[in-house]
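# Residue-level structure breakdown
Listed below, chain by chain, are the residues.
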Amino acid sequence: MKNIPQTTAALLLAAFATAASAQHWPAAKPITLIVPFPAGGTTDVLARTLADKLGTALGQTILVESKPGAGATLGADFVAKSKPDGYTLLMGAIHHTIAPAVFKKVSYDLQRDFAPITTVALVPNVLVVNASNPARNVADLVAQAKARPNQLNYGSNGNGTAQHLIGTQFENLTGIEITHIPYKGSGPLTTDLIGGQVTMSFDTITPVLQHIKSGKLKALAVTTGKRSSALPDVPTLAESGLKGFDIGTWFGVLAPAATPKDITARLSAEMVKVIHSPDFRKRMDEIGAEPIGNTPEQMAKQIHDDVEKFAKLVKDAKVVIE
């Protein structure tokens, strides 16, 4: 019998090692869920809520770690290059489907370098202004901006994020000129919005909901096609005159692409159970989120479709990274 070539033997050994590690997953070591934004924002809140319940289901500690920067691409790049063993995961978001269209170079391929697990939730974005702003609705705000070209501004969670693209679309559809101010996350943006340093934002509902209810911020419209159950009296942008406007922010979990399929299948099954549980749904209601819990295949299609959709939107809207 001929000897097996060294390269073939090495590949076989690697395959056997991967299979063996998958059988014993999760072992006595923590799983890390990377959040590509600073603590305190919607991504972080969702990640911690999921990690708490999922850790119990798996009988394993799940650590939530923030790696913010570059429109959420730094954290994604870290996970893409991590060992594909089921112990490093990404809390991804719609922002990652926009990034390839707005950044000149992204060091990973979202559809090639990741294995989708499940979409956790969809959170509507909401146009908010400081409570002292006299605008009572979108028309009033547009009138302000037209009377003061380039004097009003809006904050986002960073260049290339959904908030950035929504702001650009808002400008294009209303014919106004407002200055974009990118932040590293919702926390500092919300602080400046309450403090009056920023005129408006199009952030997700979660980080601003308590401030809307307390009267520190004023909600003028949600950006999705239908109203939010968390803010039922707030109209949509489409109802406010911007016909067809329908952009929300989804969040979901992904693993490095080469992660064994039995591990990603176990992760998906356990996460979907958590997402559909009454306790998780109750928490989502509290933060204005709609729980999803779809299959890896459905999430993969969602990513593919959004990459194509936002590539066209970015091109048509002439989004420019400052």
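Just so it is clear, the model here is predicted, and its values are computed rather than measured.

Helix H11 (residues 296-317) packs onto helix H4 (residues 95-102) with a crossing angle of 45° between their chain directions and a minimal axis gap of 8 Å. Classed by the angle they form, the pair H4 and H11 counts as oblique. When the axes of H4 and H11 are compared, the crossing they make is right-handed. Contacts from Thr-97, Ile-98, Ala-101 and Val-102 in H4 reach Ile-303, Asp-306, Val-307, Phe-310, Ala-311 and Val-314 in H11. Partitioning the contact of H4 with H11 into residue classes produces eight nonpolar, one polar and one charged.

This next bit is on the sheet that holds strand E8 (residues 200-201). Taking strand neighbours across the sheet as the criterion, the five strands line up as E7-E6-E8-E5-E9 in an open arrangement whose pairing is mixed. If you trace the sheet from one side to the other, it starts and ends with strand E7 (179-182) and strand E9 (217-222), each paired once. Both strand E6 (residues 153-156) and E8 contribute to a ladder of two bridges, which runs parallel. Residue pairing for E8: Tyr-154 is matched across the bridge by Met-200. Of the strands in this sheet, strand E5 (126-130), E6 and E7 are in contact with helix H6 (residues 162-174), which crosses E6 at around 155°. Against the sheet, helix H7 (residues 186-195) engages E5, E6, E8 and E9, with an angle of about 45° to E5.

Formed by 51 residues in total, the largest nonpolar core has its most connected members in Leu-50, Met-91 and Val-253. Once residues within four sequence positions are removed from consideration, Leu-50 is found in contact with Met-91, Val-120, Val-253, Met-271, Val-274, Ile-275 and Phe-280.

What follows concerns the sheet that holds strand E10 (residues 248-256). Spatial strand order, E2-E1-E3-E10-E4-E11: six strands in an open sheet with mixed pairing. Edge positions in the open sheet fall to strand E2 (62-66) and strand E11 (290-291), since each of these has one partner strand only. Sheet topology places strand E3 (residues 88-93) next to E10; four bridges connect them, and they run antiparallel. Each bridged residue has a counterpart across the sheet, and for Leu-90 the counterpart in E10 is Leu-254. Along the sheet, helix H2 (residues 42-58) makes contact with strand E1 (31-35), E2, E3, strand E4 (114-124) and E10, crossing E2 at roughly 165°.

Definitions and cut-offs
Residues numbered from 1 in each chain as written. Predicted model: local features only at pLDDT ≥ 70, side-chain atom pairs only at ≥ 80, totals over all residues. Heavy atoms only, no water. Axes fitted to C-alpha atoms, helices over the stretch in contact; angles between N-to-C directions. Helix = DSSP H or I, 4+ residues; strand = E, 2+ residues; numbered from the N terminus. Parallel < 35°, antiparallel > 145°, perpendicular 65-115°, else oblique. Left-handed = near helix turned anticlockwise from the far one by under 90°. Contact = heavy atoms within 4.5 Å. Nonpolar A, V, L, I, M, F, W, Y, C, P; charged D, E, K, R; others polar. Pairing = 2+ DSSP bridges. Core = buried A, V, L, I, M, F, W, Y, C linked by side-chain atoms within 4.5 Å. Buried < 20%, exposed > 50% of the residue type's maximum accessible area, 1.4 Å probe, protein only.

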